[in-house]
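Below, each chain spelled out in residue letters.
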Amino acid sequence: MTKVRTLRKEVFYPQRPEQVWAALTTPEALAEWLMPNDFVAEEGRTFEFRVDGMLNYSGITECRVLEVVPPERLVYTWVTKMKNRLDHPPMTLVWTLRPEGTGTRLILEQTGLEHLSWWWRFSMTHGWTRM
């Protein structure tokens, strides 16, 4: 049986939830801290993150919006498209925003990492921290 792997990151921002929400859901803002994209905050919509490919990574990450509750919760799937091998099953990213004082506690939970190699798990663990 495969062990389910969940990555959890939590950070406090001094900005209000509406401002943090905008950074997660506005394509231009999202491109500044993550990747260029065609994101639309609408349940059922598909979108892609696109960067230059490298090694076996095509540079394309395919996603589908599952849940949108402004400015509290955003959920979408994430599939890293590979060049020379089969794609992994979709991962799920859950962004939760909680008001805290005059700022926002942002929590990211990413599930489905068990289908990735140790290198991709390592990269995502440290990559989200740098974002």
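See the structure above.
Residues numbered from 1 in each chain as written. Predicted model: local features only at pLDDT ≥ 70, side-chain atom pairs only at ≥ 80, totals over all residues. Heavy atoms only, no water.

A. Representation of the nonpolar core in the model. By size, the foremost hydrophobic cluster in this structure holds 23 residues, and its most contacted members are F39, F47, F49, L74, Y76, W78 and W95. Elements with a contribution of two residues or more to this core: α1 (17-25), β2 (46-50), β3 (57-69), β4 (73-82), β5 (91-100) and β6 (103-111). Per-element accounting of this core gives the leading share, four residues, to β5. In this structure Y76 touches F39, F47, F49, C63, R64, V65, L66, M91, T92, L93 and W95, once residues within four positions along its chain are discounted. (Core = buried A, V, L, I, M, F, W, Y, C linked by side-chain atoms within 4.5 Å. Buried < 20%, exposed > 50% of the residue type's maximum accessible area, 1.4 Å probe, protein only. Helix = DSSP H or I, 4+ residues; strand = E, 2+ residues; numbered from the N terminus. Contact = heavy atoms within 4.5 Å.)

B. The arrangement of the side chain of N37 in detail. With respect to the helices and strands, the residue N37 is situated in the loop between α2 (27-33) and β2. Looking at N37, its side chain comes within polar contact range of the main-chain nitrogen of F39, at 3.0 Å. Discounting residues that sit within four places of it in the chain, N37 has contacts with P27, L30, A31, E48 and F49. (Polar contact = N/O pair within 3.5 Å; in protein donor to acceptor, adjacent residues only side chain to side chain.)

C. Local environment of the side chain of T77. As for its placement among the helices and strands, T77 is situated in strand β4. Ignoring any residue separated from it by four or fewer positions in sequence, one finds T77 in contact with E62, C63, R64, L66, P90, M91 and T92.

D. Representation of the packing of aromatic side chains in the model. According to the stated counting rule, one finds seven aromatic pairs in the structure shown. Ring centres 4.8 Å apart and planes at 90° place the aromatic pair F39 and F47 in the edge-to-face group. By relative accessible area, F39 is classed as buried at 3%. The buried category is assigned to F47, whose relative accessible area is 2%. (Phe/Tyr/Trp six-rings, centres within 6.5 Å; stacked < 30°, edge-to-face > 60°.)

E. Here's a closer look at the pattern of salt bridges. Scanning the entire structure with this criterion turns up eight salt bridges. Across the pair E18 and R16 runs a salt bridge whose closest N-O atoms are separated by 3.8 Å. We classify R16 as partly exposed; its relative accessible area is 48%. For R105, the salt bridge is made with E100, and the minimal N-O distance between the two is 2.9 Å. (Salt bridge = Lys/Arg side-chain N within 4 Å of Asp/Glu carboxyl O.)

Read these as geometric descriptors, not functional statements.
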